[in-house]
Amino acid sequence: MPHTEEDIRVMLDKIGVNSIDDLYSDVPQEVIFKEEYDIPSAMSEIELRKHFEELGKKNQKLTIFAGGGVYDHYSPATVNHLLQRSEFYTAYTPYQPEISQGTLQYIFEYQTIISELTGMEATNASMYDGATATAEATFMMVASAKKKNRVLLSATLPDRVVNVVKTYAKFHGVDITVIPEKDGITDLDGVKAELEAGDVAGLIVPTPNKYGIIEDYSGYADLLHAAKAYLCINADPSALAVLRTPAEWGADIACGDGQTLGMPLSFGGPYLGYISCAKGMLRKMPGRVVGVTKDADGKRAFVLTLQAREQHIRREKATSNICSNQSLMALYATIYVALMGKQGMKELNVRACDGAHYLHDALIATGKFQPAFPGKPFLKEFVMKTDLDVEVLNKKLLDKGIMGGLNLGNGLVEFAVTEKRTKEEIDNLISLILA
């Protein structure tokens, strides 16, 4: 659109072709679309606004009681207001620190926040999402363990995370062994058996797990380190405001999805992946790290640092080919946590926990549900057993504007409650179940 006929003619003359079509002469004719495009007629601005308003009315806003790895947390209006400033919206990779101090600073603040939540010594400048971050953590353990090519995954990790890691591992020549679950938690005897079999670079476990259960990882790090292997914990960063941190469990790597840091569900994204690690593994961490230094005048300044040269030059030696990041979503997480503060992060978890346990007890009181894993501790998500047809129940709830629990099959249904759910909404859900 900005190029004049003269601009185009100068360009074509420079490269020695007669027309724009000549630029595509190597493209086979049979793959070129020659029909009219099925595009609606042009509309004026007011017509277009009305058109999208009508489309928007087709969306049904639901009261959400589903989780499964993504949760309906509240986000202060300030986050989007700041995020949509043009200098943030258009920012890209800050290769030139002298003109990118703002971007570098907020990434540094993001790294600091995630390190505080996980308790780990270092965090990178963010990843695409939690599943791919977990895959990258897999390669970190293999690269650090040396001559060990097998990574153990707990079956209590979210299924999509396991599937993504398996896909990445297949094409990197890494062997994956899934440790079975026992009563809703990782089978420790299974871990011990695989460590005895040898060739284990590391183990990845979740907190909370895919059933919402908070597992006890006491002694795991000692077991793995004795076998010269690493422990990685895939953790919900929001929950880490009140739960024991990966560092406190003795983990070498923490990873996961930052969606719980106020990011809207948005039909599945964009979300944010994070990786934190102990200082000794920093050189194996993919992506970038922002550090603090001083400029020529002795003033505090931010720069990209500790990048593996292999990622730019000798790519075949790189741990990962990741060099971009979800910087805008890292900023989202940074603003969100800064606004919430330590007390706010704690309070939202307390509210979610209270609501989840209230719903848990109310479901049992209906006589139609029983806990699938009785006695197991949970924060905001839990699984129930029922003889009801879960699909029929969820359709009934959907007609009333409610997204019910996730149908796990075999009479198991998983409910999640965040700080957004009120007592009235929970009571309404129960009354509809009883109706």
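Quantities reported herein were computed from a predicted structural model and do not represent experimental measurements.

### A few points about the overall build of the chain
When helices and strands are counted, the chain shows 12 helices and 17 strands. Once the C-alpha set of the chain is aligned to its principal axes, its extents read approximately 80 × 60 × 55 Å. Out of the 435 residues belonging to the chain, those deemed buried represent 46%. Long-range contacts, defined here as pairs at least 24 residues apart, represent 72% of the contacts in the chain between residues at least 6 apart. Working note: accessible area of the chain is about 23300 Å², and carbon and sulfur atoms make up 53% of it. In the chain, the 45 positive side-chain charges and the 56 negative ones have mean positions that sit 5 Å from each other.

### Things to note about the packing of aromatic side chains
Under the defined criterion, the tally for this structure stands at 10 aromatic pairs. A centroid spacing of 4.8 Å and a plane angle of 45 degrees characterise the contact between tyrosine 211 and phenylalanine 373, whose relative ring orientation is tilted. Note that tyrosine 211 is positioned in the loop between β7 (200-207) and α9 (220-226) and phenylalanine 373 in the loop between β13 (369-371) and β14 (381-386), a separation of 162 residues in sequence. Taken individually, tyrosine 211 and phenylalanine 373 each receive the classification buried, so the pair is uniform in this respect. Judged by centre distance (5.2 Å) and plane angle (45 degrees), the ring pair of phenylalanine 378 and phenylalanine 382 falls under tilted. The two residues phenylalanine 378 and phenylalanine 382 agree in class, both being buried. Members of the aromatic cluster, joined through ring pairs, are Phe369, Phe378, Phe382 and Phe415. When the ring centre of tryptophan 249 is taken as origin, the NZ or CZ atom of arginine 244, which lies over that ring, is 4.1 Å away.

### Section: the sheet that holds strand β3 (residues 150-154)
Strands belonging to one sheet form pairs held by backbone hydrogen bonds; the direction of such a pair is parallel or antiparallel. If you trace the seven strands from one edge of the open sheet to the other, you get β2-β10-β9-β8-β7-β3-β4, paired in mixed fashion. One side of each edge strand has no neighbouring strand; the edge strands of this open sheet are β2 (122-123) and β4 (175-179). Across five bridges, β3 lies against β4 in parallel orientation. Counted as the bridge partner of leucine 152 is threonine 177 from β4. Each of β2, β9 (253-257) and β10 (273-277) is contacted by helix α5 (residues 101-118), which is oriented at about 65 degrees to β10, the strand it contacts most. Along the sheet face, helix α6 (residues 130-145) touches β3, β4, β7, β8 (230-235), β9 and β10 and points at about 160 degrees away from the line of β9.

### Observations concerning the pairing of β9
Most of β9 is tucked away, with five of its five residues classed as buried. In β9, alternate side chains face the same way, and those of Ile253, Cys255 and Asp257 on one face and Ala254 and Gly256 on the other are all buried. Of the strand pairs in this sheet, β8 and β9 are connected by three bridges, and their pairing is parallel. What sits directly across from asparagine 234, in β9, is cysteine 255.

### Observations regarding the state of the cysteines
With the rule as written, the count across this model stands at zero disulfides. Of all cysteine sulfurs, the one in cysteine 255 lies closest to cysteine 232, which takes part in no disulfide; the gap is 3.6 Å. Lacking any disulfide linkage, cysteine 277 is separated from the closest cysteine sulfur, that of cysteine 232, by 10 Å.

Rules behind the numbers
The residue numbering used here restarts from 1 in each chain and proceeds along that chain's sequence as written. Owing to the predicted nature of the model, reporting of local features is limited to residues with pLDDT of at least 70; listing and counting of side-chain atom pairs is limited to 80 or more, with chain, interface and lining totals taken over all residues. Side-chain descriptors were evaluated using all non-hydrogen atoms of the structure, hydrogens and water having been removed beforehand. Note on conventions: DSSP H or I runs of at least 4 residues are helices, E runs of at least 2 residues are strands, and numbering of each starts at the N terminus. Classification of residues uses two cut-offs on accessible area relative to the type maximum, computed with a 1.4 Å probe and protein chains only: under 20% is buried, over 50% is exposed, and between them is partly exposed. The contact rule is simple, with two residues in contact once any of their heavy atoms fall within 4.5 Å. The Shrake-Rupley method, run with a 1.4 Å probe sphere, supplies the accessible areas, and residue values consider only the shown protein chains as cover. Asp and Glu count as negative and Lys and Arg as positive, but His and the ends of the chain are not part of the count. Throughout, a charge is located at the NZ atom of Lys, the CZ atom of Arg, the CG atom of Asp or the CD atom of Glu. What counts as a ring pair is set by centres within 6.5 Å for rings of Phe, Tyr and Trp (its six-membered ring), and what kind of pair is set by the plane angle: stacked under 30 degrees, edge-to-face over 60, tilted for all other angles. Look at NZ for Lys and CZ for Arg. If either is within 6 Å of the ring centre and within 35 degrees of the ring normal, a charge sits over the ring. Only when DSSP finds a minimum of two bridges between them are two strands counted as paired. The axes used here are C-alpha line fits, helices contributing only the stretch in contact, and every angle between their N-to-C directions lies in the interval 0 to 180 degrees. When two cysteine sulfur atoms are found within 2.5 Å, that pair is recorded as a disulfide.

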